[in-house]
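Understanding the architecture of this molecule
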Amino acid sequence: MIPPRSSAKSFRSASCCLGLALFLAPIPSPGQGEKEARQLDALRSRIEQLRGRISAAEESRTEARDQLRESERAISDSNRVLRILSSRRAAASSEVRTLAQQIEALESDIASRQEALGRWLALRYIHGERGDLRLLLSGQDPNSVARELHYLGYISRAQADLIEELRAGLARRRQLEAQAREASSELATAESSLRRERGVLLRQQLARRKVLTRVSGQLREQRRQVKYLERDEFRLSRLVEEIGKVIASTALPRNEKLPDASMAQGPFPGMKGKLRLPVKGDLTNRFGTQRSNGGPAWKGLFIRSQAGQEVRAVAAGRVVFSDWLRGFGNLLIIDHGQSYLTIYGNNESVLKQVGDTVRGGDAVATVGASGGNLESGLYFEIRHQGKAFDPMRWVSTK
């Protein structure tokens, strides 16, 4: 994220939060390949430059909703970090439980073997130790001696095996106990980080509410003025156009080959009529309908929904934009290949970053009212070659 240059304190805070998010982010697998890694680096670098140009251009003309930018960006970053920390805590908690079960089962097995070994030793003590030489010199029938020697050999091997298994079990228990201590330590660290990050998030939310209270009248007035709505639409169209150029010049791997667990397989055009809306809620504005104040017609859908609800990717793709944009708040754009993009705006938080791959149905954001929007919900568009079209024609009503 690129914090405004005017606030060094906010820059440090956002940088710290982003650094934590990057630290917690999954490490790319070795199989990803150097070529793809270079392509992703190039994508991130060019998108970062694009975001820099957007920020520089918007500093020349401020609006009331710009005052929400810092807090809404910070809230988005904190929510993303919290989600990662929660996932790590859940994994650590699951590992602790699994190790505890394994230790319990192993201790039961060790106790059983110790009991068996104790019985062997007790029997040998009661009946005395009859060595091989004593048997040979006992004067008994040779056949009987041979049977006794074979039996003693069997007993000795069984005892040795039992002792070895017992030693291995004790070593394994020590190993599991060390792993359990490590997992417990990781769990405690994750829980401590979660508590700290929740405190940061609460302060950021409080700061946003204060700003919102102060500028709410200006926000309502600006949202009624056609010139602001036209600027928002133009800004998003220019962003999509620039992203299209970046994608074309970066030559990323074809996104239609990405795994998609919940939607139809194949290229995005083949999914027409099979998509599901990214969030459940009420459709309050539809593509092509006129705005009540006479502004530009809607280029997408506004789905009124409860704040914090998960926003899900409609299909597999790669994130090509994840930042705050004037008029659309915390905005996420996914490239689905063949010049198809889906756009998710006004989010409380974006959970993915530029370069991340997603599957259909993956949670990519959470519902909010960022960017100066006065009600909670998701703004959603689908574009092909930069042009918006009606998402409802691609959605399954079943």
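Numbering of residues begins from 1 in every chain and follows the order in which that chain's sequence is written. The predicted origin of the model limits local features to residues at a pLDDT of at least 70 and limits the giving and counting of side-chain atom pairs to 80 or more, whereas totals for whole chains, interfaces and linings rest on all residues. To get the side-chain values, all heavy atoms of the structure are used, and hydrogens and water are removed first.

Our next topic: the overall build of the chain. Each helix is a run of DSSP H or I of at least 4 residues and each strand a run of E of at least 2, with the numbering of both proceeding from the N terminus. Assigned secondary structure in the chain consists of six helices and ten strands. Throughout, a residue-residue contact means that at least one pair of heavy atoms, one from each residue, lies within 4.5 Å. For the chain, restricting intrachain contacts to residue pairs at least 6 apart in sequence, the fraction spanning at least 24 positions comes to 75%. In this description, accessible areas are obtained by the Shrake-Rupley approach with a 1.4 Å probe, and a residue is regarded as covered only by the protein chains that are shown. Approximately 21400 Å² of the chain is accessible, and the part contributed by carbon and sulfur atoms is 52%.

Attention shifts here to the confidence of the model for the chain. Predictor confidence is given residue by residue as pLDDT, running from a minimum of 0 to a maximum of 100. Residue-level pLDDT values for the chain average 77, and 76% of them are 70 or greater. Note on residues 1–32: pLDDT is under 50 here. Beyond four places in sequence and across chains, it has 41 contacts. This model gives residues 254–264 a pLDDT under 50, and the stretch forms 35 contacts once residues within four places in sequence are excluded.

All right, on to unusual backbone geometry then. You will see that Asn346, though not glycine, has its phi angle at about 65°, which is positive. Asn346 gets classed as buried once you look at its relative accessible area, which sits at 5%. Partly exposed residues are those whose accessible area sits between 20% and 50% of the maximum for their type, while under 20% is buried and over 50% is exposed, using a 1.4 Å probe and protein chains only.

Our next topic: empty space enclosed by the protein. Detection works on a 1 Å grid of protein atoms alone, calling trapped sets that fit a 1.4 Å probe cavities and calling open sets with protein on both sides within 12 Å along at least five of seven lines pockets, with lining residues defined by an atom within 4 Å of a point. Grid points are joined across faces, edges and corners, and a volume is the space filled by probe spheres set on the points. Under the counting rule described, the total for this entry stands at three cavities of 30 Å³ or more. By volume, the largest cavity amounts to about 210 Å³. Lining the largest cavity are 17 residues, with Arg291, Trp298, Gly327, Phe328 and Tyr379 sitting closest to its centre. Elements that contribute at least two residues to the lining of the largest cavity include exactly helix 6 (226–250) and strand 9 (377–384). Top element by residues in the lining of the largest cavity is helix 6. It accounts for four residues. Gly counts as polar in this scheme, as do all residues outside two lists: the nonpolar Ala, Val, Leu, Ile, Met, Phe, Trp, Tyr, Cys and Pro, and the charged Asp, Glu, Lys and Arg. The residue inventory of the lining of the largest cavity, partitioned by class, reads eight nonpolar, three polar and six charged.

The subject of this paragraph is the packing of aromatic side chains. Working definition: rings of Phe, Tyr and Trp (its six-membered ring) pair if their centres are within 6.5 Å, and the pair is stacked with planes under 30 degrees apart, edge-to-face with planes over 60 apart, and tilted otherwise. All chains considered together, the criterion is met by eight aromatic pairs. Arranged with centres 6.0 Å apart and planes meeting at 40°, the rings of Trp298 and Tyr379 form a pair that is tilted. Remark: Tyr379 occurs in strand 9 and Trp298 occurs in the loop between strand 1 (282–285) and strand 2 (301–304); sequence separation between them is 81 residues. You'll find Trp298 and Tyr379 in the same group, each marked buried. Note on Phe389 and Trp394: the rings are 5.4 Å apart at their centroids and 40° apart in plane angle, and the pair reads as tilted.

Here the nonpolar core consists of buried residues drawn from Ala, Val, Leu, Ile, Met, Phe, Trp, Tyr and Cys, with membership extended through side-chain atoms lying within 4.5 Å. Grouped together as the largest cluster of nonpolar side chains are 25 residues, with contacts concentrated most on Phe268, Leu275, Ile334, Tyr344 and Val364. At the level of elements, strand 2, strand 5 (329–335), strand 6 (340–350), strand 8 (363–367) and strand 9 are the ones that each hand at least two residues to this core. Contact partners of Phe268, with chain neighbours within four places excluded, come to Leu275, Val314, Ala315, His336, Tyr340, Thr342, Ile382 and Trp394. Counting residues in hydrophobic clusters, the runner-up holds 22 residues, among them Ile47, Ile333, Ile343 and Tyr379.

Our next topic: the pattern of salt bridges. For salt bridges, the criterion is a side-chain nitrogen of Lys or Arg within 4 Å of an Asp or Glu carboxyl oxygen. Taken as a whole, this structure holds 17 salt bridges when the rule is applied. One salt bridge connects Glu310 with Arg83, and the closest N-O pair in it is separated by 2.6 Å. Here Arg83 lies in helix 3 (residues 69–127) and Glu310 lies in strand 3 (residues 310–312), a separation of 227 residues in the sequence. The class of Arg83 is partly exposed, set by a relative accessible area of 36%. The residue Arg359 makes a salt bridge to Asp362 at a minimum N-O spacing of 3.7 Å. With relative accessibility at 38%, the residue Arg359 sits in the partly exposed group.

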